[in-house]
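Here is what each chain is made of, one letter per residue.
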Amino acid sequence: MNPQTYANLYGPAQPAPPAPRQRRGETAVGLLAVLLWILTLASVGWLTFLVGMVALWSLADGASWAQTRAIALPYVLTVVGAAAALFALAFAPGVRRLAPLTRLLLLGALAFPVPTALALWTWGRVG
């Protein structure tokens, strides 16, 4: 293709803009956020498994659906409420202005302690 034709069609050639540089510490923030969320989700998974097994065993032992629901419903409502609170916090104006990785780290730090402590406590009691 004739360079003049290209210039007529698309304008003069311009170099590509430089790639945005990664800010210092961004990798560490991302890795820490991922670690916190993996531990949090593993803890919630363990607690869900434990509550599910208790509900299943109570049904197998002859408990009624109402009794089994009384075991599982508070746990489900707690998890849904905590997820809704984190979701609402993620879209709060002050938090929305943070960088995405920083926001993820903040929410992970808020979500991490309670399920992890409870999962460690139950793991010690069950194991």
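As shown above, the structure is provided for reference.
Residues numbered from 1 in each chain as written. Predicted model: local features only at pLDDT ≥ 70, side-chain atom pairs only at ≥ 80, totals over all residues. Heavy atoms only, no water.

Let's talk about the packing of helix H2 (residues 26-60) against helix H5 (residues 100-111)
As a packed pair, H2 and H5 sit with axes 8 Å apart at the nearest point and diverge in direction by 35 degrees. Once H2 is placed against H5, the crossing between them reads as left-handed. Packed against H2, whose contacting residues are Glu-26, Val-29, Gly-30, Leu-32, Ala-33, Leu-36, Trp-37 and Thr-40, the element H5 presents Leu-101, Thr-102, Leu-104, Leu-105, Leu-107, Gly-108, Ala-109 and Ala-111 at the interface. Of the residues assigned to the contact of H2 with H5, the class counts are 11 nonpolar, 4 polar and 1 charged. (Axes fitted to C-alpha atoms, helices over the stretch in contact; angles between N-to-C directions. Helix = DSSP H or I, 4+ residues; strand = E, 2+ residues; numbered from the N terminus. Left-handed = near helix turned anticlockwise from the far one by under 90°. Contact = heavy atoms within 4.5 Å. Nonpolar A, V, L, I, M, F, W, Y, C, P; charged D, E, K, R; others polar.)

Quick look at a nonpolar patch on the surface
On the surface, a cluster of nonpolar side chains totalling about 370 Å² of accessible area is made up of Tyr-6, Leu-9 and Tyr-10. Looking at the element boundaries, Tyr-6 is found in helix H1 (residues 3-10). (Patch = residues over 30% accessible without salt bridge, like charges linked within 9 Å, V, L, I, M, F, W, Y side chains within 5 Å. Areas by Shrake-Rupley, 256 points an atom, 1.4 Å probe, with all protein chains shown as cover. Salt bridge = Lys/Arg side-chain N within 4 Å of Asp/Glu carboxyl O.)

Some points on the nonpolar core
Trp-46, Leu-47, Leu-50, Tyr-75 and Ala-119 form the largest nonpolar core, which has 5 residues in total. The dominant element in this core, judged by the number of residues it contributes, is H2, at 3 residues. (Core = buried A, V, L, I, M, F, W, Y, C linked by side-chain atoms within 4.5 Å. Buried < 20%, exposed > 50% of the residue type's maximum accessible area, 1.4 Å probe, protein only.)

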